[in-house]
Amino acid sequence: MRVLHVVGARPNFMKVAPVLRALAGRPDVVQTLIHTGQHYDVNMSDVFFEQLGIPAPDVNLAVGSGSHGRQTAEIMTRLEPVLLESRPDVVLVYGDVNSTVATALVCAKLGIRVGHVEAGLRSFDRTMPEEVNRLVTDQLADLLFTPSEDGDENLRREGIEGSKIFCVGNVMIDSLLRLLPAARNVKHDGLPERFALVTLHRPANVDDCLTLRGILDSLLQVSRELAVVFPAHPRTRQRIAEFGLGSEQLILREPLPYIEFLALQMRASVVITDSGGIQEETTYLRVPCLTVRENTERPITISVGTNVLVGRDRNKIAAELAKALNGRAKQGTIPPLWDGKAGERIADVLGAAMPRSRGFHAA
Ligand code: UD1
């Protein structure tokens, strides 16, 4: 079986690693890895490959940044000849970034089977670029690997055949579990005993000056109670500089490598974020998470985990922060199948669903 994986942006890398690893142990599997180059900074990409033990990509499409239309189109244009030449049995795509939807579209038009890892998540908010990517990718996919039962329900409601849907658990947690021991050994010099860990990068939060100023003001309020550690996405850093919103109290750091960031999450008193994956990681680590959004495509982190939606409401943020500091934050449990074996389950499904090798042997 020839499996081709396509990744492009930071949150893809921790998802592909366990699947590559699980398939590497299977007989008659040949794997190819394509990096679209959507994320290209060393600290947004290379360092993740290194820490997660992902082999160097066989091909890098080097698409770089651009508007959504241009970036998606560029990935499609550069990927098509690669797929025409390699003709894999199945292409695996991950998450909800532009690289995911662009790949699914190319495959659907070439008649190549697509497996979507992290299928079925829905925020029901189509102003969010990732929601559009999820909807389109799931309609085109032949195999849909969901992290939790709510994903299966969403897919069935959208008319996707039950025989294509496989609830395999959460691949991000596979990576987290594997690298937790390394994270426990990280020493952060000068880190205060208690701190709030912050990440922000959603266009809806950072691209408008007034909105971003409001959120930064809330964070300044937080910083009166608790040190704020803020590793900033390049987009956020650019906007803060562009809008002249820098502040001495909020110390912006470069984006951190996976293990170092995991170490910070484990030690944080509270995490304030608009990321998707971090809502899941904090649920697993049982660290209080305040999500600076009005909705989430990961409702299980609220119903079962430690996540609370605070929107951009300063009072809600302050109230939830007080709870976290007084030890009254929401107590969560770990969702079913978030057990470090999702990658193996995906490999099992592929083994059963795909044709036997046509004369290829494991590399
Ligand atoms: C992308 C994903 C988002 C994911 C996020 C994680 C889409 C639609 N969005 O958003 O779902 O949560 O990645 O990081 O695919 N930039 C750099 N260096 C880089 C990459 C980006 O400086 O290596 C800057 C560029 O100015 C670029 C901007 O960040 O224009 C945005 O990058 P882009 O990949 O378009 O989207 P993200 O905001 O990173």
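Please read these numbers as outputs of a predicted model, since none were measured by experiment.

Draft legend 1. Main features of the domain arrangement of the protein. Along its sequence, the protein is organised into domain 1 (2–170 + 339–356) and domain 2 (180–325). Averaged C-alpha coordinates put domain 1 and domain 2 at centres separated by 27 Å. Taken over both partners, the interface formed by domain 1 and domain 2 buries close to 1700 Å², and the fraction arising from carbon and sulfur atoms is 54%. Counting the surface domain 1 buries against domain 2, the share from its top three residues, N43, Q51 and M128, is 25%.

Draft legend 2. Here's a closer look at the site of the ligand. Around the ligand there are 21 residues in total, and H39, N98, E130, H201 and H233 lie nearest to it. In the model, an oxygen atom of the ligand is placed 2.5 Å from a nitrogen or oxygen of the E130 side chain. The separation between an oxygen atom of the ligand and a polar side-chain atom of Q238 is 3.0 Å. Considering the ligand on its own, with 740 Å² of exposed area, one finds that the protein chains cover 89% of that surface. Looking at the shell around the ligand, the elements with two or more residues in it are α1 (10–24), α3 (68–86), α5 (129–140) and α10 (234–242). For the shell around the ligand, the element with the most residues is α10, which contributes three residues. Taken together, the residues of the shell around the ligand sort by class into five nonpolar, 10 polar and six charged.

Draft legend 3. The arrangement of the sheet that holds strand β4 (residues 90–94) in detail. Pairing in this open sheet of seven strands is parallel, and the strands run β3-β2-β1-β4-β5-β6-β7 from one edge to the other. The open sheet is flanked by β3 (59–60) and β7 (165–167), the only strands paired with a single partner. Where strand β1 (residues 2–7) lies against strand β2 (residues 30–35), six bridges are found, and the strand directions are parallel. Across the sheet, the residue bridging to V7 is H35, located in β2. Strands in contact with α1 are β1, β2 and β4; relative to β1, the strand with the most contacts, it is inclined by about 165°.

Draft legend 4. Focus on helix α4 (residues 98–110). Relative to the 18 Å expected for 13 residues at 1.5 Å per residue, α4 spans 19 Å between its end C-alpha atoms, a close match to the ideal helical length. By the criterion of burial, α4 is predominantly enclosed, with 10 of the 13 residues buried. When α4 is considered as a whole, its buried residues turn out to be N98, S99, T100, V101, A102, T103, A104, V106, C107 and L110. Packed against the buried residues of α4 are β1, α1, α3, β4, β5 (113–117) and α5.

Draft legend 5. Molecular detail of helix α6 (residues 149–157). All of the buried residues in α6 are D150, G151, D152, N154 and L155. The positive-phi residue at the C-terminal boundary of α6 is G159, with phi of around 85°.

Draft legend 6. Spatial organisation of the environment of K164. With respect to the secondary-structure elements, K164 resides in the loop between α6 and β7. Residue class for K164 comes out partly exposed when judged on its relative accessible area of 25%. Along the primary structure K164 and G111 are separated by 53 residues, whereas in three dimensions their C-alpha atoms are 16 Å apart. In this structure K164 touches A141, D142, L143 and L144, once residues within four positions along its chain are discounted.

Draft legend 7. Layout of the packing of aromatic side chains. Summed over all chains, the structure comprises three aromatic pairs. Plain terms: the ring middles of F13 and F48 are 6.4 Å apart, the flat faces sit at 45° to each other, and that makes the pair tilted. Note that F13 is positioned in helix α1 and F48 in helix α2 (residues 46–52), a separation of 35 residues in sequence. Take F13 and F48: they sit in the same class, and that class is buried. When the ring of F13 is compared with that of F49, the centres are 5.0 Å apart and the planes differ by 65°; the resulting orientation is edge-to-face. Here F13, found in helix α1, pairs with F49, found in helix α2; they are 36 residues apart in sequence, far enough to count as distant. You'll find F13 and F49 in the same group, each marked buried. Among the aromatic residues, those joined into a ring-pair cluster are F13, F48 and F49.

Draft legend 8. Focus on the sheet that holds strand β8 (residues 195–199). On the basis of which strands lie adjacent, the open sheet formed by six strands has the order β10-β9-β8-β11-β12-β13 and parallel pairing. Unpaired on one side and paired on the other, β10 (251–253) and β13 (307–309) mark the two borders of the sheet. Strand after strand, the sheet turns through a mean of 25° between neighbouring axes, direction not considered. Alignment of β8 against strand β11 (residues 270–273), held across four bridges, turns out to be parallel. Bridge assignment links L197 to a residue of β11, and that residue is V271.

The rules we used
- Residues numbered from 1 in each chain as written.
- Predicted model: local features only at pLDDT ≥ 70, side-chain atom pairs only at ≥ 80, totals over all residues.
- Heavy atoms only, no water.
- Domains from an automatic or database assignment.
- Buried area = accessible area lost by both parts, 1.4 Å probe.
- Near = heavy atom within 4 Å.
- Polar contact = N/O pair within 3.5 Å; in protein donor to acceptor, adjacent residues only side chain to side chain.
- Areas by Shrake-Rupley, 256 points an atom, 1.4 Å probe, with all protein chains shown as cover.
- Helix = DSSP H or I, 4+ residues; strand = E, 2+ residues; numbered from the N terminus.
- Nonpolar A, V, L, I, M, F, W, Y, C, P; charged D, E, K, R; others polar.
- Pairing = 2+ DSSP bridges.
- Contact = heavy atoms within 4.5 Å.
- Axes fitted to C-alpha atoms, helices over the stretch in contact; angles between N-to-C directions.
- Expected span 1.5 Å × (residues − 1).
- Buried < 20%, exposed > 50% of the residue type's maximum accessible area, 1.4 Å probe, protein only.
- Phe/Tyr/Trp six-rings, centres within 6.5 Å; stacked < 30°, edge-to-face > 60°.

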